[in-house]
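Results of the structural survey
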Amino acid sequence: MDNWQFTPYAFLYTASVLTAIGLSIFAWGTRSVRGSRYFSLLTLSTGIWAFGHLIGFFHRNTLIKILMIRVEYLGIITTSMFWLLFVASYTQFDQWVNKKSIAGLSIIPIVSYVLILTFPWHNWFYLDYEFVVQEGLLLFRKTYGAGFYLWTSYAYVIVMTGVLILIRGMLRMPRKYRWQIIPLTLVIILILTPNALYISNSNPIAPYDPTPLSFVLTGAIFFILMKLYHFLDVVPVAYHLFFKHVQSGVIITDERKHILDMNLAAESYSGARSSFALGKNIFNLFPDHQTSIQKIIDSPGTIVELQIHPGRWYELQSTNIQKGQEAIEGHIIMFYDISDRKMAEDELRKQANTDSLTGALNRRHLFGQAERLFQQSKRYQHDLTVLMIDLDHFKHINDRHGHTIGDQVLIELVQRLQKKIRLPDILGRYGGEEFVILMPETPPESARNAGERLRKAVDKTPIQTEIGPVKLTISVGIATSNFETDTTIDQLIDRADQALYQAKQAGRNRVSAK
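Described below are features of the structure shown in this document.

What counts as what
Residues numbered from 1 in each chain as written. Predicted model: local features only at pLDDT ≥ 70, side-chain atom pairs only at ≥ 80, totals over all residues. Heavy atoms only, no water. Helix = DSSP H or I, 4+ residues; strand = E, 2+ residues; numbered from the N terminus. Rg over C-alpha atoms; globule rule 2.2 N^0.38 Å. Buried < 20%, exposed > 50% of the residue type's maximum accessible area, 1.4 Å probe, protein only. Contact = heavy atoms within 4.5 Å. Areas by Shrake-Rupley, 256 points an atom, 1.4 Å probe, with all protein chains shown as cover. Lys, Arg positive; Asp, Glu negative; His and termini not counted. Charge placed at Lys NZ, Arg CZ, Asp CG, Glu CD. Core = buried A, V, L, I, M, F, W, Y, C linked by side-chain atoms within 4.5 Å. Phe/Tyr/Trp six-rings, centres within 6.5 Å; stacked < 30°, edge-to-face > 60°. Pairing = 2+ DSSP bridges. Axes fitted to C-alpha atoms, helices over the stretch in contact; angles between N-to-C directions. Salt bridge = Lys/Arg side-chain N within 4 Å of Asp/Glu carboxyl O. Polar contact = N/O pair within 3.5 Å; in protein donor to acceptor, adjacent residues only side chain to side chain. Expected span 1.5 Å × (residues − 1). Patch = residues over 30% accessible without salt bridge, like charges linked within 9 Å, V, L, I, M, F, W, Y side chains within 5 Å. Right-handed = clockwise from strand over helix to strand, strands pointing away. Parallel < 35°, antiparallel > 145°, perpendicular 65-115°, else oblique. Left-handed = near helix turned anticlockwise from the far one by under 90°. Nonpolar A, V, L, I, M, F, W, Y, C, P; charged D, E, K, R; others polar.

Across its full length, the protein chain carries 19 helices and 14 strands. Here the C-alpha radius of gyration of the protein chain, 43 Å, is well above what a compact globule of 514 residues would show, namely 24 Å. C-alpha atoms of the protein chain, sized along the principal axes, occupy 135 × 50 × 30 Å. Counting over 514 residues, the protein chain shows a buried share of 49%. Long-range contacts, defined here as pairs at least 24 residues apart, represent 60% of the contacts in the protein chain between residues at least 6 apart. Surface exposure of the protein chain reaches about 26100 Å², of which carbon and sulfur atoms provide 58%. Where the 51 positive side-chain charges of the protein chain centre and where its 44 negative ones centre are 4 Å apart.

What follows is about the nonpolar core. Of all hydrophobic cores here, the largest spans 60 residues; its most connected members are F58, Y73, W83, F86, F125, Y126 and W151. Sort the elements by how many residues they give to this core and helix α3 (residues 62-90) lands first, with 14 residues. L387, F394, V409 and I474 belong to the second largest nonpolar core, which has 28 residues in total.

Going through the model one piece at a time under the given rule, you end up with 25 aromatic pairs. Each ring, one from F6 and one from F11, has its centre 5.4 Å from the other, and the planes form 85 degrees; the classification is edge-to-face. Accessibility expressed as a relative area gives 55% for F6, which makes it exposed. Plain terms: the ring middles of F125 and F148 are 5.7 Å apart, the flat faces sit at 90 degrees to each other, and that makes the pair edge-to-face. With F125 in the loop between α4 (99-117) and β1 (126-134) and F148 in helix α5 (residues 146-170), this residue pair connects regions lying 23 residues apart in the sequence. Through pairs of rings, three or more aromatic residues link up here, namely Y73, F119, F125, Y126, Y129, F131, F140, Y144, F148 and Y149.

The next subject is the sheet that holds strand β9 (residues 426-431). In spatial order, the strands read β9-β10-β8-β13-β14; together these five strands make up an open sheet with mixed pairing. Because the sheet does not close on itself, it has two edges, and the strands there are β9 and β14 (511-513). Taken over all neighbouring pairs, the strand axes of this sheet differ in orientation by 20 degrees on average, direction set aside. Bridging between strand β8 (residues 384-391) and strand β10 (residues 434-440) involves seven bridges; their strand directions are antiparallel.

Right, let's get into the pattern of salt bridges. This model, assessed by the stated rule, comprises 14 salt bridges. Here R422 and D425 are joined by a salt bridge, their closest N and O atoms 2.7 Å apart. Among the charged side chains, a salt-bridge network with shared partners connects E305, E315, R341 and K342.

Here we come to the side chain of N353. Note on placement: N353 falls in helix α14 (residues 339-353). Of the polar contacts made by the side chain of N353, one reaches the side chain of R364; its length is 3.2 Å. Each residue touching N353, except ones within four places of it in the same chain, is listed here: L361, N362, R364 and H365.

Considering the arrangement of structural elements, one finds V187 in helix α7 (residues 181-199). Accessibility expressed as a relative area gives 3% for V187, which makes it buried. Considering only alpha carbons, one finds V187 and E135, 52 residues apart in sequence, at a separation of 32 Å. The contacts of V187, once residues within four sequence positions are left out, are T218, I221 and F222.

Before going further, it helps to examine helix α2 (residues 36-58). Taking 1.5 Å per residue, 23 residues should reach 33 Å; α2 reaches 33 Å between its end C-alpha atoms and fits that length. Buried residues dominate α2, accounting for 17 of its 23 residues.

The omega torsion across A206 and P207 is 10 degrees, close enough to zero to call that bond cis. For Q381, which is not glycine, the phi dihedral falls at a positive 55 degrees. Of note, E441 is a non-glycine position whose phi angle comes to about 50 degrees, a positive value. Position of E441 among the secondary structure elements: in the loop between β10 and α18 (444-460). Its relative accessible area of 55% is what places E441 among the exposed residues.

The end-to-end C-alpha separation of helix α15 (residues 363-380) is 26 Å, in line with the 26 Å expected for 18 residues at 1.5 Å each. Next to the buried residues of α15 lie α14, β8, β9, β10 and α19 (489-505).

Moving on: a negative patch on the surface. Together, E371, D490, D494 and D497 line one region of the surface with negative charge. The element that contributes the greatest number of residues to the negative patch is α19, accounting for three residues.

Let us now look at the pairing of strand β13 (residues 474-480). Along β13, seven of the seven residues are buried, which leaves the element largely enclosed by surrounding structure. Burial along β13 is two-sided: I474, V476, I478 and T480 and S475, G477 and A479, pointing in opposite directions, are all buried. Sheet analysis places β8 next to β13, joined by seven bridges and oriented antiparallel. Bridged to D390 within β13 is S475. Both β13 and β14 contribute to a ladder of three bridges, which runs parallel. Bridged to I478 within β14 is A513. In this view, the connection linking β13 to its parallel neighbour β14 by way of α19 has left-handed handedness.

The next thing to look at is the packing of helix α17 (residues 403-420) against α18. Here α17 crosses α18 at 140 degrees, and the two axes come no closer than 10 Å. Taken together, the axis directions place α17 and α18 in an arrangement best described as oblique. Read as a crossing pair, α17 and α18 show a hand that is right-handed. Contacts between α17 and α18 pair L413, R416, L417 and K420 from the former with L454, A457 and V458 from the latter. Its residues placed into classes, the contact of α17 with α18 shows five nonpolar, no polar and two charged.

Rendered as structure tokens:
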């Protein structure tokens, strides 16, 4: 023990070494995360720095002191470089990092370290040095040379460049992660300030170098960052770049369903700014869809479709944020805009169910709706009325003016009929110039009145075509369900067709009931 000069400061330097090495080991364990490798090397460098100073200061052997100066400077010189590389990688500003740029950055550090290795044989790094005894401690006293100041200037430029990159990156982060700028800046202040005091001979705790001692505090700050901001667990800028620009809406909630974050797409879909929504329950954002939101939260992977805005449809599903094996820490709710898909589906459905010329239901879909209404009316014993409509003398129009004019007439006829029927009534093209209207819960007298309104709507005003107005009339046959005789929808439609035949035999342009 005669080779050691012990003071209580030795405990603090030892704590600095252990803290730095502990951080390095932890960071290496998360090296798959962007920036973790450089952070591990950065903290390892500070550990070497603190270790070299610990042994070199408290050991009394001068050869050991000179050896440990070289070890200490290995940590000092690499710390500044790894700081810059870590910040660039962590903030995704590392597109410039390659073998050539790293080699260029390494020139002055390598030259400086060569000067350190050889300082006993020249005065470029230290103009002069000596071993002195002060207050019972054997100390290495030196006078700095040009090489030292060149290295120090370079190191400070590198560190401050890293600070600027850090600030730039932090300002691009979401609000939650942006607060990291304060503790990370504090780390730099805690290292640079005592280092500047030490170099300028203004050290308040001389002869001890306060810089390695600051590693205990900076290590504590990094542990806080890991706890509060998932430092080295998630890269905030990488997360934010994805989170901001992904086209799907994303809302992140805690376990109480309070909104922690939302991206621009989610703001657009919900109609709420994140500044308003953060901290609020997600149900407050979608008050009309609480059941659906609760459903996807309770059953992750379940998909629901919601019409949040008129004409805009969204597909929603959620994923739990797990904490451990069972505990749920929150939820990620994804919104996919499926409006275009829904429009395409509606268009395909329309094409499959409607007559391509007139827009009325086609015969296949008309009969499907007729069967549905027939069974429903039969079950509840409600009247179902069928109106069979035929365009009088339509063949003459085609023969005289051509099928183009005939098509225009059919289109205009359907438009007039649609305007005169009720919302629950269903209009379909039976074939050619014949149309069927299904009128649920309509007794015979009301059906006859409806038939007369339709007949007059066509007879009153000629239909406008490209050759001018064309005078038209229609004949209407009506049949109302009689469930004692009508056992199928076909029988009811046949009776309406018979009534239509009676109207045409009676002179057309009239309504007949069967």
